[in-house]
Amino acid sequence: SPITQSCQATAIVLISDGEPTSNAESAVLTEVVGHDASGCEDLSVSIFTAGPGGYTAGNCGPEIVKDLANNDQISTIPGSTVKTYTVGFDVDGPGKSYLQRLAADGAGSFFEANAADELNAAIREAINEIAGGSQSFTQFSIDVNKATYSHDNRAFFSLFSPNSGPAWTGNVKGYFIESNGFIDTLGQPAIEVVDNVVKFTDTAQSFWSSAADGNDVMSGGASEVVSTQSTRALLTFVGSSIPAGGVNLTGSSDYSLAKENALITDAAMGLPAGSALRETSLDWLQSAPMGDPLHTVSLRVDYAARTVLYAMTNQGLLHAIDASEPRSLNDHTSTSELFAFMPQRLLPNLPKLATPVPGSDHIYGLDGGLTQWHTDTNNDGIVNNGEKVLLVFGMRRGGDAYYALDVSNPLSPSLEWMIDSSTSGFSDLAQSWSKPSLITVNDGGTDTRMLVFGGGYDAAILDDTTAPTPSAGNALYMIDDTGSLRWSVTSANHASMQYSIASDLTVLDVDENGAVDRIYTGDVGGQVWRIDLDDITDTPVVTRLADFSASGFHPFFYAPSVAAARLNGSLFLSVALGSGNRTDPLDELSNNALFMLRDTHMSPMDPAAIPPAIVWSELYNATDNDIGSTDPLVSGPAMDALELAKGWRIDFSTGEKSMSRLVTFEDTIMATTFSVAGGSTDPCAFDTVSRLYTVNIKTGEPVRFLDDGSVSTDPMTAADRITELPSGGIPSSPVVVFRAESGSADVYVDRQKVSFVDGRLRTIYWHAR
């Protein structure tokens, strides 16, 4: 047997160009299926249309592959099942139907090929599916019900399946969320834990899927919608500059992303003149399944007539999917893609995606954040009454640009503007990793809405670095709804702002007057910044709140979690971050930490009295949880040391990294981490370790939520901070879900409910005067 260990994926790939022609009765067959061939289903009628007993050559095939897929083939090796994948090479009729049946019963997939290149592609897809699975880096997308201010009962997952080539498959799938977790459209549990890995159940059927799609990233969901839709509105804009006032992308065939559009030239696609790849690539895209949404999270917008789900992928398309339904169980109707938009600069990726070369680097397209800018004149959360809504989105590793689409009418989108590092005033812009935050600021005495974001990530300099390294992206930018620069902070304002700011920003209205007056962010050099905004027409007060660049490599890739707290009666803002190099998740030698910084300057910072940056030695080391000791001779001095410190830190184990945004809820910091466990000669031992930390915001002590939703008051050790997560990859940020029918808050990581907090939520009633 080729099966040697429990952790391997084992499969059969059967390639055939015709129908089965023989069926040899043997003792082995009887041993496998438990009876001789006479006990097998007669396929003569159901597939081969030859009458009962008229064509038995294919009999027992389904029974064999079903046994392989559902029973351990080596009794001493758990999980030693074998899936069957089939490839039909230039075959149709009963032969094709037979191969489809084998793939279905063998828990695999059927692939069709009619030429040599298609056969190569089919085999690659089969191998990628065997090795892959449904994975996600990001938290699920869940909306707020405008009537109850609780969360909606529908959640959407951005999923992908990695492979050895440049083009990864992806999908967006939707499920209902209830008190016990996620359920599918049939009302059955959608999630299970198998071999300590959380996955979608094999029988789960997600929104818009024609059949059960389970954990197969390529089946069902939004990808099924776009790949089976007969006519798609694929759009782009080819030109040297976007006209003032924008471009209605459905107003002319010049914006059609199709081979008939003569403006999409060979050169625009990065091809030599006369290349056949221009037409074949554009034709391929018309029915291509979705690409991978590796880091991007989908966004829903409610209109008077429909709800639209906007989702981006590294294929380079922003998809607009009608997500109005389902709203209830047993609704399996499909939906439609309203349009999909691809920026001009991503057109050269199409030939590489349509005809991928195995072993090539992964291709990035649209993988950044999506921000909705809705001018909601009646404050009902719905785009109606002629209201305007912009979608502003970045590219992450796909490029250094931000784009704005006017989707006030989702059937007629308009490209409004684009900015990149060549745009005047944005020379420090790097890859657009930072999701723009929509804020209201004081602009010369007038409250004005703006977008603010970090300068991004400088991949050319920073990839593979293991120390703080000056780079581009070392800036903050603020723009208006036309994309015009209104305010910025760069190294020209503060010489120490020399490292990329790749993270999102945390924005606060400290004085509660309706306008943002403070921004917190970290950079990849290990610094934490505070910017005070009294009036954006004045010079901002830039404070380097903390600097750990001299104490190792502590890159910050995610926005701080900021909350108000008190220690011994003194009010402060807790600024919590976790360090870890997001670009090198498999590094086993890094040393990172969870930080809580106390910002005691509640009032606007005096530019003439800016305090020195907090450094490593000024933080209390809470790693061993001495404050939580039952010995007062230990806990007393520890508490004294914390009060004198400017915050605390908890050191992670070597190689452990914070790779998602922290969440502060009910005086508790929740943070997920990721590491790999190597060093063993056992080929199955290279495993990932995913954790959830729950710690007290003030002291770093463990917080443990009990099964009834209360907080444990028992003495705890440092290890009680940690919950080991059954995850097959990098865990998402924690998500706190408030359900309308519940007085508790549920906490999710990835696809699993990890705890809930009971009795803390209450309804507030008010009336207008």
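This one's a predicted model, so the numbers in the text were calculated from it and none came from an experiment.

**Student:** Pulling in residues and values, what's your account of the overall build of the protein chain?
**Tutor:** For the protein chain, the count of helices and strands is 10 helices and 40 strands. Taking 27 Å as the expected radius of gyration for a compact globule of 769 residues, we find that the protein chain reaches 28 Å, a close match to that expectation. With the C-alpha coordinates of the protein chain rotated into their principal frame, the extents come out at 95 × 70 × 55 Å. Relative to its full complement of 769 residues, the protein chain shows a buried share of 53%. Considering only contacts in the protein chain between residues 6 or more positions apart, those separated by 24 or more positions represent 60%. For the protein chain, the accessible surface area stands at approximately 31,600 Å², while carbon and sulfur atoms represent 50% of it. Side chains of the protein chain carry 43 positive and 94 negative charges; the gap between the two charge centres is 5 Å.

**Student:** Residues and numbers for the nonpolar core, please.
**Tutor:** Judged by nonpolar contacts, the single largest core of 43 residues is most densely connected at L249, L257, Y310, L318, F339, F393 and L405. The set of elements that each furnish at least two residues to this core consists of β10 (234–236), α7 (277–286), β12 (299–302), β13 (307–312), β14 (318–322), β15 (337–342), β17 (389–394) and β18 (402–406). Take this core: its biggest share by element is 5 residues, from β15. The residues touching L257, leaving out its near neighbours within four places in the chain, are L234, L235, T236, I264, L282, L285, Q286, L317, M342 and L347. By size, the runner-up hydrophobic cluster in this structure holds 22 residues, among which are A563, A576, L642 and Y693.

**Student:** Outline the sheet that holds β13, supporting the account with residue identities and numerical values.
**Tutor:** Adjacent strands of a sheet pair through backbone hydrogen bonds, lying either parallel or antiparallel. If you trace the 5 strands from one edge of the open sheet to the other, you get β10-β15-β14-β13-β12, paired in mixed fashion. Two strands bound the open sheet, and with one partner strand each, they are β10 and β12. If you compare each strand with its neighbour and ignore which way they point, the axes differ by 20° on average.

**Student:** Describe the packing of aromatic side chains, with residues and values.
**Tutor:** Evaluation of the coordinates by the stated rule reveals 27 aromatic pairs. On the basis of an interplanar angle of 70° and a centroid distance of 6.1 Å, the ring pair of F157 and Y175 is categorised as edge-to-face. Taken as a pair, F157 in strand β5 (residues 151–161) and Y175 in strand β6 (residues 169–178) lie far apart in primary sequence, 18 residues in all. Accessibility expressed as a relative area gives 0% for Y175, which makes it buried. Taking 5.9 Å as the distance between ring centres and 75° as the angle between the ring planes, the aromatic pair formed by F595 and W616 counts as edge-to-face. Highlighted residues: F595 in strand β30 (residues 593–599) and W616 in the loop between β30 and β31 (620–621), separated in sequence by 21 residues. The exposure class assigned to F595 is buried, which follows from its relative accessible area of 0%. Connected via pairs of aromatic rings, a cluster forms that spans F157, Y175, F182, F200 and Y748. Looking at R396, its charged tip hangs above the ring of W433, at a distance of 3.6 Å from the centre. When the ring centre of F572 is taken as origin, the NZ or CZ atom of R598, which lies over that ring, is 5.8 Å away.

**Student:** Can you explain the packing of helix α3 (residues 61–70) against helix α4 (residues 94–105)? Please cite residues and give values.
**Tutor:** Their axes nearest at 8 Å, the elements α3 and α4 cross at an angle of 25°. By the angle class used here, α3 and α4 are roughly parallel. Here the hand of the crossing between α3 and α4 comes out right-handed. Residues G61, P62, V65, K66 and A69 of α3 form the contact with α4, whose own contacting residues are Y98, R101, L102 and D105. Split by residue class, the contact of α3 with α4 holds 5 nonpolar, 1 polar and 3 charged.

Each value, and the rule that gives it
- Residues numbered from 1 in each chain as written.
- Predicted model: local features only at pLDDT ≥ 70, side-chain atom pairs only at ≥ 80, totals over all residues.
- Heavy atoms only, no water.
- Helix = DSSP H or I, 4+ residues; strand = E, 2+ residues; numbered from the N terminus.
- Rg over C-alpha atoms; globule rule 2.2 N^0.38 Å.
- Buried < 20%, exposed > 50% of the residue type's maximum accessible area, 1.4 Å probe, protein only.
- Contact = heavy atoms within 4.5 Å.
- Areas by Shrake-Rupley, 256 points an atom, 1.4 Å probe, with all protein chains shown as cover.
- Lys, Arg positive; Asp, Glu negative; His and termini not counted.
- Charge placed at Lys NZ, Arg CZ, Asp CG, Glu CD.
- Core = buried A, V, L, I, M, F, W, Y, C linked by side-chain atoms within 4.5 Å.
- Pairing = 2+ DSSP bridges.
- Axes fitted to C-alpha atoms, helices over the stretch in contact; angles between N-to-C directions.
- Phe/Tyr/Trp six-rings, centres within 6.5 Å; stacked < 30°, edge-to-face > 60°.
- Lys NZ or Arg CZ within 6 Å of the ring centre and 35° of its normal.
- Parallel < 35°, antiparallel > 145°, perpendicular 65-115°, else oblique.
- Left-handed = near helix turned anticlockwise from the far one by under 90°.
- Nonpolar A, V, L, I, M, F, W, Y, C, P; charged D, E, K, R; others polar.

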